[in-house]
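The chain contents come next:
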Amino acid sequence: MTSHTNTAAAAGIWKLGDLTVNRVGFGAMRLTGSAAFDLGTPSDRERSIKVLRRAIELGVNHIDTASYYFSSLRSANELINRALAPYPDDLVITTKVWPGRDPSGAWWWATPEQLRGQVEENLRQLGRDHLDVVNLRVPPSRRTGSIAEHFGALADLRDAGLVRHLGISNATPEQLAEAQAVAPVVCVQNPYGVGAPAEEQEFLRACGEQAVAFVPFFAIAGAGREAGASATDSETVLAVARAHGVTPAQVRLAWTLHQGPHVLVIPGTGNPDHLADNVAAGALRLSEDEMGRLSALHQDSE
């Protein structure tokens, strides 16, 4: 194991239930191609495998994935299995259910009864007999609706031993409260980063008060979402990056980690150089002035 400040341990640790993870993790979506899902061109298999193995060498012990992370030729779960099995004892693999894609790539949404099949698909692809953490990924059409039936089905799978811990994704504070009444929630995975609106800032703080991990996705990409980061960063982000001799992406990740000890990041990449930069962001310390200037950016966002 590499033992210097540029490892995933530099930002500290957090517990997902009884599972301890370094706060800098890895998102697997970018492993399968030049763009998310079936967009772009499929990745080079050996390069993706090398990225995963390098992530472990750099101290990453939290990987976020999903069975629907696949391109025409690559499956994130199968790449993880090929690269890392037999898995390190401390590796925590988090996955997501509710959305799905059929073999041709068309999207569908599971009924509560179909969630077991989605969990089992992840188990088969990853080569595991249980999943460490499963997030219920709330569809856009349910952003204001009840998730109790679906979350209850996942709680049953937890009781049956197929899943160890549960989380929710793309969710609201009301849905967190609804889920917590059914079974313990160890993490909330929502879009968040520099420029996040006030309500997301408040949700992040509320999760901390409940000792629930807040796991942002698109912390680097921001409004670019699945398409990736914009080629243009604000002058504030660029100025902070120049002051530290780092990339704008590293500034965005460091700012996100500074939001609280319960905040984890899962930046994804298929590029080994970007991987090292992302992990190194965990050691970047921003001043109060820099934090204030970056935090003020949300006032100008949509």
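Residues numbered from 1 in each chain as written. Predicted model: local features only at pLDDT ≥ 70, side-chain atom pairs only at ≥ 80, totals over all residues. Heavy atoms only, no water.

Even after reading the chapter, I still don't get the overall build of the protein, so can you show me in this structure?
Scanning the protein for helices and strands turns up 10 helices and 11 strands. Rg of the C-alpha trace for the protein: 18 Å, near the compact-globule value of 19 Å for 302 residues, within the 12% margin. Dimensions along the principal axes, computed over C-alpha positions, put the protein at roughly 50 × 45 × 35 Å. The 302 residues of the protein split such that 55% are buried. In the protein, once contacts between residues fewer than 6 apart in sequence are set aside, the share between residues at least 24 apart is 74%. About 12,800 Å² of surface is accessible on the protein, with carbon and sulfur atoms providing 51% of the total. (Helix = DSSP H or I, 4+ residues; strand = E, 2+ residues; numbered from the N terminus. Rg over C-alpha atoms; globule rule 2.2 N^0.38 Å. Buried < 20%, exposed > 50% of the residue type's maximum accessible area, 1.4 Å probe, protein only. Contact = heavy atoms within 4.5 Å. Areas by Shrake-Rupley, 256 points an atom, 1.4 Å probe, with all protein chains shown as cover.)

Sorry, what's going on with the nonpolar core here?
Soluble globular proteins tend to pack their nonpolar side chains together in the buried interior. Core analysis: the largest hydrophobic core is formed by 84 residues, its most contacted members being Leu-52, Ile-80, Leu-84, Val-119, Leu-154 and Ile-168. Sequence-distant contacts of Leu-154, defined by excluding residues within four places in its chain, comprise Val-97, Leu-115, Val-119, Val-134, Leu-136 and Leu-166. (Core = buried A, V, L, I, M, F, W, Y, C linked by side-chain atoms within 4.5 Å.)

In this structure, what is going on with the pairing of strand E10 (residues 185–189)? I would like to understand it.
One face of the sheet, then the other: side chains in a regular strand alternate in exactly this way. Counting buried residues along E10, 5 of its 5 residues qualify, which places the element largely inside the surrounding structure. Considered for its hand, the β-α-β crossover made up of strand E9 (residues 163–169), helix H5 (residues 173–180) and E10 is right-handed. As defined by bridge partners, E10 adjoins strand E11 (residues 213–214) across 2 bridges and the pair is classed as parallel. Residue pairing across strands places Cys-187 opposite Ala-213, the latter belonging to E11. For the crossover that starts at E10, traverses helix H6 (residues 198–209) and ends in the parallel E11, the hand is right-handed. (Right-handed = clockwise from strand over helix to strand, strands pointing away. Pairing = 2+ DSSP bridges.)

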